[in-house]
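Here are the chains, one letter per residue:
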Amino acid sequence: MSNEQGKTKQGRWYTEEQAATGAKTYAQACAPCHGANLESGAGPTPKGASWQQLYGGAKLLTVWGEIKGPMAQYAGTTFANQQSLNLLAYLLQQNGLPAGKKPLADTRTLRHDSMTAEVLGRESRSSANSSLRSAAGGSAGGAPRGQ
Ligand code: HEC
């Protein structure tokens, strides 16, 4: 276990192939608001510091719930569990988490303490659980901005 700043690379929870599948969905459903390269737009960038602020230390289930709930709604669609997992895989990849040999395929695994969104190398496991919405239930939070 290494906690060296910028070096912590947990995971290998998804495959490259899965992230590529997620990327296609992202391009259609998410890019209009978050940017084709996750550079942001009407929505914040789901990458880097912004990701860390929202999710650092949070369980992946929270992020998954965010995608499956409010973000699907923002995109005017619904996602199957697996589609949301693929999108999550893509976001993990874009946030620097290395791919592995097995796809993310079971939402129950996202509850494990080891599966957090702590992917940028910060040691924020205990400090960052504060302001998170419990998104897994699909709290839809307000209308999208910019329309
Ligand atoms: C209509 C615009 C819109 C669409 C489409 C949209 N989002 Fe968002 N997204 C937002 C806004 C605005 C926020 C800021 C938080 C909020 O309002 O709930 C956000 C927040 C987020 C966050 C958390 C922000 C962060 O900094 O980490 C993630 C992750 C995310 N979106 C992913 C997605 C994904 C994946 C999709 C595609 C399925 C998607 N979004 C589609 C507008 C959108």
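Preceding block: the structure.
Throughout what follows, the structure given in this document is the object of discussion. Because the structure is a prediction, the values reported are computed rather than measured.

### Regarding the overall build of the chain
Item 1. Secondary structure summary: the chain contains 4 helices and 0 strands in total.
Item 2. For the chain, the sequential pattern of α-helices and β-strands runs α-α-α-α.
Item 3. Taken across its 147 residues, the chain has 35% of its residues classed as buried.

### Here we look at unusual backbone geometry
Only a minority of non-glycine residues have a phi that is not negative, and only a minority of peptide bonds are not trans.
Item 1. Positive phi values are uncommon outside glycine, yet L38 reaches one of about 60°.
Item 2. Its location among the elements puts L38 in the loop between α1 (16-34) and α2 (48-55).

### A closer look at the nonpolar core
Within soluble globular proteins, side chains that are nonpolar generally end up buried alongside one another.
Item 1. Core analysis: the biggest nonpolar cluster contains 28 residues, and L60, V63, W64, I67, L88, A89 and L92 have the highest contact counts within it.
Item 2. Listed by contribution, the elements that provide at least two residues to this core are α1, α2, α3 (60-74) and α4 (81-94).
Item 3. For this core, the element with the most residues is α3, which contributes 8 residues.
Item 4. Residue contacts for I67: discarding those within four places in its chain leaves A72, F79, S84, L87 and L88.

### A few points about the packing of α3 against α4
Item 1. Put simply, α3 and α4 touch, their axes get as near as 9 Å, and they point 115° apart. Note on packing geometry: the crossing formed by α3 with α4 is right-handed. Contacts between α3 and α4 pair L60, V63, W64, I67 and K68 from the former with S84, L85, L87 and L88 from the latter.
Item 2. For the contact of α3 with α4, a count of residues per class yields 7 nonpolar, 1 polar and 1 charged.

### A few points about the packing of α1 against α4
Item 1. Remark: α1 packs on α4, axes separated minimally by 7 Å, with the N-to-C direction vectors making an angle of 100°. Taken together, the axes of α1 and α4 are roughly perpendicular relative to one another. Only Q83, N86, L87, A89, Y90 and Q93 of α4 make contact with α1, whose side of the interface consists of Q18, A19, T21, G22, A23, T25 and Y26.
Item 2. Taken together, the residues that form the contact of α1 with α4 break down as 6 nonpolar, 7 polar and no charged.

### Digging into the environment of Q82
Item 1. Counting through the fold element by element, Q82 comes out in helix α4.
Item 2. It is 8.3 Å that separates the C-alpha atoms of Q82 and L104, two residues lying 22 residues apart in sequence.

### Some points on α3
Item 1. Look at α3: 20 Å from first C-alpha to last across 15 residues, which is about the 21 Å you get at 1.5 Å a residue.
Item 2. Residue I67 marks the point of greatest curvature in α3, where the axis turns by about 30°; the proline P70 follows within four residues.
Item 3. The buried count for α3 comes to 13 of 15 residues, which makes it a mostly enclosed element.
Item 4. Just past α3, the residue G76 takes up positive phi, approximately 70°.

### Observations regarding α1
Item 1. For α1, which comprises 19 residues, the first-to-last C-alpha distance of 21 Å sits more than 12% below the rise-based estimate of 27 Å (1.5 Å per residue).
Item 2. Where α1 bends most, at A27, the angle is about 55°.
Item 3. For α1, the complete set of buried residues consists of Q18, A19, T21, G22, Y26, A29, C30 and H34.
Item 4. Buried residues belonging to α1 abut α3 and α4.
Item 5. Backbone geometry just after α1 places G35 at a positive phi near 90°.

Conventions and cut-offs
Residues numbered from 1 in each chain as written. Predicted model: local features only at pLDDT ≥ 70, side-chain atom pairs only at ≥ 80, totals over all residues. Helix = DSSP H or I, 4+ residues; strand = E, 2+ residues; numbered from the N terminus. Buried ≥ 20, exposed ≤ 12 C-beta atoms within 10 Å, placed from the backbone. Core = buried A, V, L, I, M, F, W, Y, C linked by C-beta atoms within 7 Å. Contact = placed C-beta atoms within 7 Å. Axes fitted to C-alpha atoms, helices over the stretch in contact; angles between N-to-C directions. Left-handed = near helix turned anticlockwise from the far one by under 90°. Nonpolar A, V, L, I, M, F, W, Y, C, P; charged D, E, K, R; others polar. Parallel < 35°, antiparallel > 145°, perpendicular 65-115°, else oblique. Expected span 1.5 Å × (residues − 1). Bend = angle between axes of the 7 residues up to and from the residue.

Purely geometric stuff here, so don't read any function into it on its own.
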